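Working through the structure, step by step
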Amino acid sequence: MLYPQLSAKRKVYDLNGLWQFKQGNYAPNGQNRLSDDPESELMVVPTSFNDVLVDKDKRLFIGDNWYERVIDLPEIAEDEEAVLRFGSVTHQAKVYLNGRLAGEHKGGFTPFEVVLTEKDLAEKPLVLSVCANNELNYTTLPVGNYLEKKMPDGRIKKVVKENFDFFNYAGIHRPVKLYTRPKHHIEDIIVQYELSDDLKSAEVMVKVEAGAVSKVVVSILDETGKVLAQGAPDQALVLESVTLWQPLKAYLYTCRVELFDGDKLVDRYDEAFGIRKVEVKNAQFLINDQPFYFKGFGKHEDTYINGRGLNEAANLMDLNLLKDIGANSFRTSHYPYSEEMMRLADRMGIVVIDEVPAVGLFQNFTAALDLLGDKAEPDNTWTVMKTKEAHEAVIRELVKRDKNHACVVMWVVANEPSSHEAGAREYFESLIQLYRDLDQQKRPVTLVNIMMAMPGKDLVADLIDVICLNRYYGWYKDHAELEDAKVHLKQELEDWHRLYPDKPIMFTEYGADTLPGYHSLWDIPYTEEYQCDYYKANHEVFDSLPYFVGEQVWNFADFETNVSLIRVKGNHKGLFSRNRDPKQVVRLFKERWTAIPNLGYKP
Ligand code: BDP
């Protein structure tokens, strides 16, 4: 899906800013206005509504969240169409135009569009109402435990207990835009390329989905805007001398697609893309034929005030901090990040592991996380979860959105599912295959493994390319026993390697909650010293194993969670605090990571 962008034939209008807002019942009918409802109030777009409302019940409200604004449409030419474009609405969206249901979308982290009809274009003014529903259950991704509570006054209150460890922020999270494009337009662009064996030259092949026109011209431009090759879609365009997209040394070409009717330009779109090779071979993760070592983070889209809403300044600061500490990569844990973030990572040369919101696929996950929780029922995840349809949809939407990004080097099918329970293999086999079928670049696919799915118990690892582990030796296991932690960690990694000698292994999570300002002479968890010692112990083991290809810590920064016994106003495993102040451990990482090269660390 193309990002809304200005071009000679396209205009983009910003619909962000102040909207009218109300939680609960509302039925737009073309005559009424949300602003006339005394219970309505102001809201900004984009942001999570939760923290900005400053009201406990509204912050935790589950159900329909209504947004409305009135648009005085610009003139749209006869041969053009107008499209409403939502970067994301969390989690389910219904879009109404003058009271008419004009579009719907399920899934809170991928974009969708609504094309305005002739009738909509004639309406003056046009009332745009959006319902953002934030219910989660066993059919949605992420997975939530949904219940209806009877209140003392007889009212029924909807409740979602997150089956995952981050706060269920919701609302219109990413920009809303109105753009125009020609009726006969470019619908999608898929850039494929084949590099020569020496990686010096490439044949670029571009697929174009477009309306009927007489001619489609594809041009490849370098960073100075010089045309290097030109031809038709599906034709090999030869680049004699290629500048590769390298980790932290990005180079982006432009693929310009133009539609012509005779000599007349009908539509034009510029898609940036990088050329690089990704391959998994002999227990190594190769980028441009060299062994790559992942240094970086699991992150969240999470900032004060905005919650999960797009915060471009925070994104840029985060990636600058990531570079400063000597890292090279992050995982979009636990959902697709904004298109703006992916474009930024492309430009900065940051390597990305791209994840769908498949989190919580573990019955009773919160009980499992709660160390004091006694699990009465045996887990029955794969008969209880009805998420397959949502899962397929989100894989399709993610690949459609992110396929051309050079930064994306691997896809994640799920985070910490119950991959050791009967039914897991049947559930995941076709989803992993779906990624492989859809992705023209044939990027590796992984599943992020949970601590309970140990080697021998896990049922899916043979289906994936890289063994990605979330492990907490020295935290959830061997708590404050770092010597034992090292022994157990090494043992487990050796077991994985014995089972899958050709697959590289990396950590996609490891970490220890740390409250900045807490210190101790001894090994006391939650102190800044313990966080340092915890990481040193883990690194000692990593460095002793040649097939261990990467370390992504949990987490980049502290983040908001649901309340629970083991969360002290959020999760504090960040190397940075929620406001991005460094903890003591940042110095340790900076020293370590600036000494480890991105390529060729473990040749
Ligand atoms: C893992 C999850 C992550 C949690 C983390 C933790 O993948 O979302 O926040 O552990 O417990 O279970 O800190």
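Model, not experiment: these values are computed from the prediction.

Let's talk about the environment of Pro455
The residue Pro455 is located in the loop between strand 29 (445-449) and strand 30 (466-470) in this model. Separated by 444 residues in sequence, Pro455 and Lys11 place their C-alpha atoms 54 Å apart. Non-local contacts of Pro455, meaning those with residues more than four positions away in its chain, are made with Glu492, Asp495, Trp496 and Leu499.

Things to note about helix 3 (residues 312-324)
The terminal C-alpha atoms of helix 3, which comprises 13 residues, lie 18 Å apart, in line with the 18 Å expected from a rise of 1.5 Å per residue. Contact partners of the buried residues in helix 3: strand 25 (294-298), strand 26 (329-331) and helix 4 (339-348).

Structural notes on the pairing of strand 30
Strand 30 sits mainly inside the fold: five of its five residues count as buried. What you see with strand 30 is no split at all: Val466, Cys468 and Asn470 on one side and Ile467 and Leu469 on the other are buried throughout. As paired strands, strand 29 and strand 30 are joined by four bridges and run parallel to one another. Within strand 30, the residue paired with Thr446 across the bridge is Val466. In this sheet, strand 31 (residues 505-509) lies alongside strand 30 in parallel orientation, the contact comprising four bridges. Looking at strand 31, one finds that Asn470 is bridged to Glu509.

Here's the deal with the packing of aromatic side chains
One pass over the structure, following the stated rule, counts 39 aromatic pairs. Ring centres of Phe164 and Phe166 lie 4.3 Å apart, and the angle between their planes is 35 degrees; on these two criteria the pair is classed as tilted. Among the residues examined, Phe164 registers a relative accessible area of 1% and is labelled buried. Ring geometry for Tyr510 and Tyr535: centres 5.0 Å apart, planes at 80 degrees, overall edge-to-face.

With respect to the pattern of salt bridges
One pass over the full model with this rule turns up 43 salt bridges. Note that Asp302 and Arg578 form a salt bridge whose closest N and O atoms lie 2.7 Å from each other. Of this pair, Asp302 sits in the loop between strand 25 and helix 3 while Arg578 sits in the loop between strand 32 (548-554) and helix 11 (585-595), and the two are 276 residues apart along the sequence. Assigned by exposure class, Asp302 and Arg578 land together as buried. Linking Arg401 and Asp402 is a salt bridge whose minimum nitrogen-to-oxygen distance equals 2.8 Å. The pair formed by Arg401 and Asp402 is uniform in burial state, with each residue classed as buried. What you see here is one network of salt bridges that share partners, running through Glu81, Arg85, Glu113, Arg181 and Glu339.

With respect to helix 4
Taken across its ten residues, helix 4 has seven buried, putting it largely inside the fold. Every buried residue of helix 4 is accounted for by Glu339, Glu340, Met341, Met342, Ala345, Asp346 and Met348. Following helix 4 by one or two positions, Gly349 has its phi on the positive side, about 75 degrees.

Thoughts on the sheet that holds strand 20 (residues 253-261)
Read from one edge to the other, the open sheet built from four strands follows the order 18-17-20-21, with strand pairing classed as antiparallel. At either end of the open sheet lies a strand with only one pairing partner, and these are strand 18 (227-231) and strand 21 (264-273). The sheet shows a mean angle of 20 degrees between the axes of neighbouring strands, taken without regard to direction.

Calculation rules
- Residues numbered from 1 in each chain as written.
- Predicted model: local features only at pLDDT ≥ 70, side-chain atom pairs only at ≥ 80, totals over all residues.
- Heavy atoms only, no water.
- Helix = DSSP H or I, 4+ residues; strand = E, 2+ residues; numbered from the N terminus.
- Contact = heavy atoms within 4.5 Å.
- Expected span 1.5 Å × (residues − 1).
- Buried < 20%, exposed > 50% of the residue type's maximum accessible area, 1.4 Å probe, protein only.
- Pairing = 2+ DSSP bridges.
- Phe/Tyr/Trp six-rings, centres within 6.5 Å; stacked < 30°, edge-to-face > 60°.
- Salt bridge = Lys/Arg side-chain N within 4 Å of Asp/Glu carboxyl O.
- Axes fitted to C-alpha atoms, helices over the stretch in contact; angles between N-to-C directions.

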